[in-house]
Amino acid sequence: MCGIIGYCGPKPAVDVILEGLKRLEYRGYDSAGLSVGQNGSIDVVKKKGKVAQLRRAVPKDMGGQWGIGHTRWATHGEVNDENAHPHCDTSGKIAVVHNGIIENYAVLQNKLKGEGIQFRSQTDSEVIAHLISSFYEGDLEQAVKKSVLLLQGTYGLLVMHADQPDVIVGARNGSPLVLGLGEGEVFFASDVTAILGYTKQVVYLEDGEVAVINPNGYHTTDLRDNVIDKQVE
Ligand code: GLU
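First things first, this report covers the structure right here in the doc. (Residues numbered from 1 in each chain as written. Predicted model: local features only at pLDDT ≥ 70, side-chain atom pairs only at ≥ 80, totals over all residues. Heavy atoms only, no water.)

Turning next to the packing of helix 4 (residues 126-135) against helix 5 (residues 140-148). Interhelical geometry of helix 4 versus helix 5 gives an angle of 120° and a closest axis separation of 8 Å. Our classification of the angle between helix 4 and helix 5 gives oblique. In this structure, the crossing between helix 4 and helix 5 has a hand that is right-handed. Counting all contacts with helix 4, which are made through Leu131, Ile132 and Phe135, the residues of helix 5 involved are Leu140, Ala143, Val144, Lys146 and Ser147. Of the residues belonging to the contact of helix 4 with helix 5, the class tally is six nonpolar, one polar and one charged. (Axes fitted to C-alpha atoms, helices over the stretch in contact; angles between N-to-C directions. Helix = DSSP H or I, 4+ residues; strand = E, 2+ residues; numbered from the N terminus. Parallel < 35°, antiparallel > 145°, perpendicular 65-115°, else oblique. Left-handed = near helix turned anticlockwise from the far one by under 90°. Contact = heavy atoms within 4.5 Å. Nonpolar A, V, L, I, M, F, W, Y, C, P; charged D, E, K, R; others polar.)

Set out below in structure tokens:
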């Protein structure tokens, strides 16, 4: 289990994500990757090795308003570029980073393969991106909720969709996830150390909770859409 970070705000997303990943690196670094969204599409860069290798692979002019990043401690599938996160659906519009282990991934994968979906990695995590895609009807939060209800195992995950600019959906079960609230910017992280340089206002998510962030704020609900008022610490 490793590190995840998400950012929505006015700063260059790539810079914030690389900085956050660097701070999470002490938890392990089989590989690292990030995705950022801009003008209706998502760009992904992921590399075996340390965050420094990812930094070298990221194009100097890589823009992006919002994005997610991951450092991987491999549990399913070897350590290579393909198995690094983020993982995308077939359209390349949905990107997912995942901490944890999906125990029933093989069953879900077989069902999706039967529907014609081709998998690109050997991870347990990629199935989440395809599941969300199968449920997506214009509302990312609902598609994530329907998907995680089918997952058995542990997850802290962040999801973005090219058609939903400046929005990241996060969900957790058994893996940590925290929100960081700044001025006109909101962060997600698996570990508060990734974002403490930017804000001291944090909200800890509990298992079964889903949070949706944009640069102006956040809302939290459970998987049945009940609103949960969280305490800012
Ligand atoms: N099980 C996933 C993988 O092997 C996530 C591992 C992690 O938490 O870093 O890719």
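Reading across the sheet, the six strands line up as 5-6-7-8-12-13 and stay open at both edges, with antiparallel pairing between neighbours. Edge strands, defined here as strands with exactly one partner in the open sheet, are strand 5 (87-88) and strand 13 (217-222). With two bridges connecting them, strand 5 and strand 6 (residues 94-99) associate as antiparallel partners. If you follow His87 over to strand 6, its bridge partner there is Val96. (Pairing = 2+ DSSP bridges.)

Our focus in this paragraph is the site of the ligand. Around the ligand, the structure places 15 residues, and the nearest of them are Arg72, Thr75, His85, Gly100 and Asp124. Contact between the ligand and Asp124: a nitrogen atom at 2.8 Å from a side-chain N or O atom of the residue. In isolation the ligand has 300 Å² of accessible area, and contact with the protein removes 100% of it. Secondary-structure elements contributing two or more residues to the shell around the ligand are strand 4 (66-72) and strand 6. Classifying every residue of the shell around the ligand gives four nonpolar, nine polar and two charged. (Near = heavy atom within 4 Å. Polar contact = N/O pair within 3.5 Å; in protein donor to acceptor, adjacent residues only side chain to side chain. Areas by Shrake-Rupley, 256 points an atom, 1.4 Å probe, with all protein chains shown as cover.)

Attention now moves to the sheet that holds strand 11 (residues 202-204). On the basis of which strands lie adjacent, the open sheet formed by seven strands has the order 3-2-4-1-10-9-11 and antiparallel pairing. The outermost strands of the open sheet, each flanked by one partner alone, are strand 3 (41-48) and strand 11. Neighbour to neighbour, the strand axes of the sheet diverge by 15° on average, direction disregarded. In this structure, strand 9 (residues 178-181) lies alongside strand 11, joined through three bridges in antiparallel fashion. Among the inter-strand pairings, Val178 is bridged to a residue of strand 11, identified as Tyr204. Lying over the sheet, helix 1 (residues 13-24) contacts strand 1 (3-8), strand 2 (31-38), strand 4 and strand 10 (186-189), oriented at roughly 25° with respect to strand 4.

Further remarks concern unusual backbone geometry. The peptide bond linking His85 to Pro86 adopts the cis configuration, its omega dihedral lying at 5°. For Asp166, which is not glycine, the phi dihedral falls at a positive 65°. Turning to its location among the elements, Asp166 is positioned in the loop between strand 7 (155-161) and strand 8 (168-173).

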